[in-house]
Amino acid sequence: MRNLVTLCLLLLLQASALAQSIKSDAETRYILTGIDGYEIVGDVFLVPEESKPKLRAVGLVTIDSEASIVLVEASDANRKPVEVQRLAETKSYVVVGTGKVWIDVTAVDFEKQIFERDTFQIVIGKDPVPEDPEDPTPPPGDLQDLLRISKEAAAAVNDPTTAAGLAASIRAAVTAIDDQCARGTCPGLAQAKASVVQAIEQRLLMRQGASRNADWVNGWRVPVNLALQALNTSTVPSYLAAMRAVATGLEGR
Amino acid sequence: MENEPIYTIPPDTIDYRDSFAMAPSLWHLPAEKWKQIHSVATGKSVKIGIGDTGYTRHTLGPEPIAARSFINGQGVTDRNAHGTHCAGTALGRYDGDQPIGVAVEADLIVAKVLSDQGSGGSGGIAAGIRWMADQGADVISLSLGGGGSDSGTNAAIDYAWSKGCVVNAAAGNAGYNGANTIGWPARYSGCICCASYASNMQISNFSSGGREIDWACPGSAIVSFSNNGSGYRTMSGTSMATPYGSGVLALIIEVMRRTGNAQWTGAEAVRAFFKGNMRDMGAPGFDVRFGHGIPIVDEVLAVLVKNELEWV
């Protein structure tokens, strides 16, 4: 006796976002598990009797950008990371979460001078958690102060183009370090700091036009550096969390 | 234009014109020291405009990102050698371990504003300055001069500053005997005025003097590109000191920009920077031969590099 399972693709368009050259679409798809030893006959899957097929809703996010580097991160309502897997050789990413999920897209291309970031929310599955807040919860305590200092200093410098570029560069550097850590090759704190500083200085070097009149060193780097010194983070994860707060401040959020 | 001043390669430039295929060691760019300097800054992202007799591509020279002749009937190709030599000093690349130029990764913009015979009308020079500024030049290097002020050239220099571009010009090769011998446009307040010193750290005897001198750079017996495409030659003059200074300005601008400083807004801001950061030479304090002094490049860059900003 065999179970006959028909695979249906249920498409629920949930979100569509547009931010400059970043174009994104998201929809719910289902992944089918527990079908070891299946056969495909025509348009049906034949699976063994002892198998326990399960459908699980996932988000399928498609990002279209001219940038050579596109980073996609996801987090749930509690700001906990949600697993994201890129489908090989496509512009699509599978987001393995449930309910409301925030997607952060960072597009960077040094040649084309693209530094963009887009954040949007998708709902995965039919039953979103109703008590989700509208936005991710802010970082607590000292990080909130750091965020505020970064935000106010950047606003005083009054160079929004560079501010957005710096935020994207910092997030890209932080994500790259995160990836290294996930692969088990986490850099030391000094190396992590050097990587982020290098990303910041590369972006500052690319300033054009009126942005070159802005004093980022005294207006933003010095006060934020002092705040970070006071915070005195001693581990790579805490440093990266601090730099995410710095980036959020640069974004004016 | 009628009655416009004619600017030329500063007269009496001492030109040894000895050509050789291989670069010897260069006294003004000691290899070991400059390798260290280039680990800090190379002129990356900075554009240097050379307003001179044009440019003949050298095997170790950059391909210009923009080039245009302002001389009727003559193309950009340098059949004089002066412009190519200046370009090599400002941004010639490495020959083995020996850098030929100061800003080895800067971009080159060429405006041929002096003819193959070494002279050009001030109208063409002014147009060339404006054009280089429009091409995005961060530094314009003018190894030329003459005896009269020209309002069109001065206005073009002001226009370059409005685009954030520093104009560095040769003081002249008239020596100094107490009377101001600086030529134009170096004498104009919008220009940074460059004198010349020799390997013995003394002012070059040909270097013009006066109260407009801002700084002095190496200009005696300078080896740089020949215009035969691959060789070298030695030349002397404030014409040679000026592109060295322009290369140094490119390194300073790179570090300023990278660390997040606001750019200079005018020649006075550059002078204020020089006052605190050049090594005083000659008579104590500002003097009419060395100006504010000479650039000790590693020390100047060290002031700008913000090592204390270790977190962001």
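Residues numbered from 1 in each chain as written. Chains lettered and ligands numbered in written order. Predicted model: local features only at pLDDT ≥ 70, side-chain atom pairs only at ≥ 80, totals over all residues. Heavy atoms only, no water.

**Side note on the overall build of chain B**
- Secondary structure assignment for chain B yields seven helices and 14 strands.
- For chain B, whose C-alpha radius of gyration is 17 Å, the value lies close to the compact-globule estimate of 20 Å for 312 residues.
- Here chain B, with 312 residues, has 63% of them falling under the buried criterion.
- Within chain B, residue pairs in contact and separated by at least 24 positions form 76% of the contacts whose partners lie at least 6 positions apart.
- Accessible surface, chain B as shown: approximately 10800 Å² in total, 49% of it carbon and sulfur. (Helix = DSSP H or I, 4+ residues; strand = E, 2+ residues; numbered from the N terminus. Rg over C-alpha atoms; globule rule 2.2 N^0.38 Å. Buried < 20%, exposed > 50% of the residue type's maximum accessible area, 1.4 Å probe, protein only. Contact = heavy atoms within 4.5 Å. Areas by Shrake-Rupley, 256 points an atom, 1.4 Å probe, with all protein chains shown as cover.)

**A short note on empty space enclosed by the protein**
- Counting across every chain of the model gives one cavity of 30 Å³ or more.
- Approximately 120 Å³ is the volume found for the largest cavity.
- Around the largest cavity sit R207(A), R212(A), D138(B), G164(B), V166(B), I253(B), M256(B), R257(B), N261(B), A262(B), Q263(B) and W264(B), which together line it.
- The greatest single-element share of the lining of the largest cavity, amounting to three residues, is contributed by helix α5 (residues 238-259) of chain B.
- Among the residues making up the lining of the largest cavity, the classes are represented as five nonpolar, three polar and four charged. (1 Å grid on protein atoms, 1.4 Å probe; cavity = no way out; pocket = protein on both sides within 12 Å on 5 of 7 lines; lining within 4 Å. Points joined across faces, edges and corners; volume = space filled by probe spheres on them. Nonpolar A, V, L, I, M, F, W, Y, C, P; charged D, E, K, R; others polar.)

**Description of the side chain of D78(B)**
Residues and elements named next belong to chain B.
- Tracing the chain through its elements places D78 in the loop between β4 (66-69) and α2 (82-91).
- One buried charged residue, D78, remains without a salt bridge, the closest side chain of opposite sign being K112 at 5.6 Å.
- Polar side-chain contacts of D78 include one of 2.9 Å to the backbone nitrogen of A81.
- If near-sequence neighbours (up to four positions away) are discounted, D78 is found in contact with T53, G54, Y55, T56, G83, T84, D116 and N227. (Lys, Arg positive; Asp, Glu negative; His and termini not counted. Salt bridge = Lys/Arg side-chain N within 4 Å of Asp/Glu carboxyl O. Polar contact = N/O pair within 3.5 Å; in protein donor to acceptor, adjacent residues only side chain to side chain.)

**Some points on helix α7 (residues 297-304) of chain B**
All names here are of chain B.
- For α7, the full list of buried residues reads V297, V300, L301 and L304. Looking down the long axis of α7, one finds its buried residues gathered within 95 degrees of arc, a one-sided arrangement.
- Each element contacted by the buried residues of α7 is listed here: α1 (31-40), α5 and α6 (267-277). (Arc of directions from axis to C-beta.)

**Describing the environment of G172(B)**
Residues and elements named next belong to chain B.
- Within the element layout of this structure, G172 appears in the loop between β10 (166-170) and β11 (192-197).
- A relative accessible area of 11% places G172 in the buried class.
- In the structure, G172 is positioned 14 residues away from A186 in sequence and 8.2 Å away in space, judged by C-alpha atoms.
- Once residues within four sequence positions are removed from consideration, G172 is found in contact with P10, F206, S207, S208 and T238.

**Observations concerning the sheet that holds strand β7 (residues 107-112) of chain B**
All names here are of chain B.
- Across the sheet, seven strands lie side by side as β4-β7-β3-β9-β10-β11-β12; this open sheet has parallel pairing. A strand with exactly one partner marks an edge of an open sheet, and here the two such strands are β4 and β12 (215-218). Each strand axis lies, on average, 25 degrees off the axis of its neighbour in the sheet, ignoring direction.
- When strand β3 (residues 47-52) meets strand β9 (residues 139-142), the two strands line up parallel, connected through four bridges. Counted as the bridge partner of I50 is S141 from β9.
- Here helix α3 (residues 122-134) sits on the sheet and contacts β3, β4, β7 and β9; the angle it forms with β7, its principal contact strand, is near 155 degrees. (Pairing = 2+ DSSP bridges. Axes fitted to C-alpha atoms, helices over the stretch in contact; angles between N-to-C directions.)

**Side note on the confidence of the model for chain B**
- Looking at chain B as a whole, its pLDDT mean stands at 94, while 97% of the residues score no less than 70.
- Taken over the whole predicted complex, pTM reads 0.75, whereas the ipTM for its chain interfaces reads 0.86. (pLDDT = per-residue confidence, 0-100.)

**Side note on the environment of I157(B)**
Residues and elements named next belong to chain B.
- Mapped onto the secondary structure, I157 falls in helix α4 (residues 151-162).
- A relative accessible area of 0% means that I157 is categorised as buried.
- In this structure the C-alpha to C-alpha distance between I157 and M256, which are 99 residues apart in sequence, comes to 22 Å.
- Residue contacts for I157: discarding those within four places in its chain leaves I129, V167, P185, Y188, G190 and C191.

**Details of the confidence of the model for chain A**
All names here are of chain A.
- Taken residue by residue, chain A gives an average pLDDT of 81. The fraction at 70 or more is 85%.
- The lowest-confidence element of chain A is strand β2 (residues 12-19), averaging 32 in pLDDT; the highest-confidence one is helix α3 (residues 189-205), averaging 95.
- Counting contacts from residues 1-19, a segment whose pLDDT is below 50, to residues more than four positions away or on other chains yields 52 contacts.
- This model gives residues 128-138 a pLDDT under 50, and the stretch forms 18 contacts once residues within four places in sequence are excluded.

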